[in-house]
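# Observations on the three-dimensional arrangement
Listed below, chain by chain, are the residues.
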Amino acid sequence: MDKRDTLARILAIAGTALIWLDLLAPLVLGLLSLIFWQRFRFDFLMPAELFMLGLLGRLLLLWIALRARHLRAEVTWSLGVAVAALVGTRGIAVITGFGRRRPRAGGVAACGGDGGL
């Protein structure tokens, strides 16, 4: 095994780990909150917040796939779907109004925050 194969394997493992970190972080942190505070809190927006880590992992995998000339189409499709999903969900949030900076008055905020009337 030469140094290029070793480097390619290390980068492929690092890219895969970054992608899985992006996907598993909300679940692991939700389970930790269940263990420590007896409440399961799942942050469904965390994959969007950690998107740059997932993108870095996918770019590493794309680079390795292009160098190895193996699984190029699959990795390219994965990268395209991930970027399209982020852009699409952000676009939907802006179109529907959920992406506003200022929240609407109403709900819990209108009642004094924590419900103390």
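Just so we're clear, the structure is a prediction, and the values are computed from it rather than from any experiment.

Turning to the packing of helix α3 (residues 51-68) against helix α4 (residues 72-96), a few remarks are in order. Where α3 contacts α4, the two axes come as close as 9 Å, and the packing angle between them is 160 degrees. Between α3 and α4, the crossing angle belongs to the class labelled roughly antiparallel. Handedness of the α3/α4 crossing: left-handed. When α3 is examined against α4, the residues F51, L55, R58, L59, L61, L62, A65 and L66 are found in contact with a partner set consisting of R72, V75, T76, S78, L79, A82, V83 and L86. The class makeup of the residues in the contact of α3 with α4 is twelve nonpolar, two polar and two charged.

The next subject is α4. For α4, which comprises 25 residues, the first-to-last C-alpha distance of 36 Å matches the rise-based estimate of 36 Å (1.5 Å per residue) to within 8%. If you follow the buried residues of α4, they end up packed against α3. Trailing α4 by a residue or two, G97 shows a phi angle of about 100 degrees, which is positive.

The next thing to look at is the nonpolar core. Membership of the largest hydrophobic core is limited to seven residues, which are F51, L55, L62, A65, V75, L79 and A82. Contributing elements (two or more residues each) for this core: α3 and α4. In terms of residue count, α3 provides more of this core than any other element does, four residues in total. Excluding residues within four positions of it along the chain, A82 makes contact with F51 and R58. Membership of the second largest hydrophobic core comes to five residues, among which are A8, L11, L18 and L60.

Bringing the packing of aromatic side chains into the picture now. Applying the stated criterion across every chain yields a total of two aromatic pairs. On the numbers, 6.3 Å between centres and 15 degrees between planes, the contact of F40 with F42 is stacked. Lying over the aromatic face of W63, R67 brings its terminal NZ or CZ to 5.3 Å of the ring centre.

Position of R58 relative to the elements: it lies in helix α3. Spatially, the C-alpha atom of R58 lies 7.3 Å from that of V75, the residues being 17 residues apart in sequence. Residues contacting R58, with those up to four places away along its chain left out, are I19, D22, V75, S78, L79 and A82.

On average, residues of the protein chain score 80 in pLDDT, and 81% of them reach the 70 mark or higher. The lowest-confidence element of the protein chain is helix α2 (residues 46-49), averaging 82 in pLDDT; the highest-confidence one is helix α1 (residues 3-37), averaging 89. Per-residue pLDDT stays below 50 along residues 108-117; that stretch engages in three contacts with residues further than four places along the chain or on separate chains.

Attention now moves to α3. Taking 1.5 Å as the rise per residue, α3 with 18 residues should run 26 Å; its terminal C-alpha atoms sit 25 Å apart, in good agreement. Every buried residue belonging to α3 is among F51, G54, L55, G57, R58, L60, L62, I64 and A65, and all of these are buried.

Rules used in this analysis
- Residues numbered from 1 in each chain as written.
- Predicted model: local features only at pLDDT ≥ 70, side-chain atom pairs only at ≥ 80, totals over all residues.
- Heavy atoms only, no water.
- Axes fitted to C-alpha atoms, helices over the stretch in contact; angles between N-to-C directions.
- Helix = DSSP H or I, 4+ residues; strand = E, 2+ residues; numbered from the N terminus.
- Parallel < 35°, antiparallel > 145°, perpendicular 65-115°, else oblique.
- Left-handed = near helix turned anticlockwise from the far one by under 90°.
- Contact = heavy atoms within 4.5 Å.
- Nonpolar A, V, L, I, M, F, W, Y, C, P; charged D, E, K, R; others polar.
- Expected span 1.5 Å × (residues − 1).
- Core = buried A, V, L, I, M, F, W, Y, C linked by side-chain atoms within 4.5 Å.
- Buried < 20%, exposed > 50% of the residue type's maximum accessible area, 1.4 Å probe, protein only.
- Phe/Tyr/Trp six-rings, centres within 6.5 Å; stacked < 30°, edge-to-face > 60°.
- Lys NZ or Arg CZ within 6 Å of the ring centre and 35° of its normal.
- pLDDT = per-residue confidence, 0-100.

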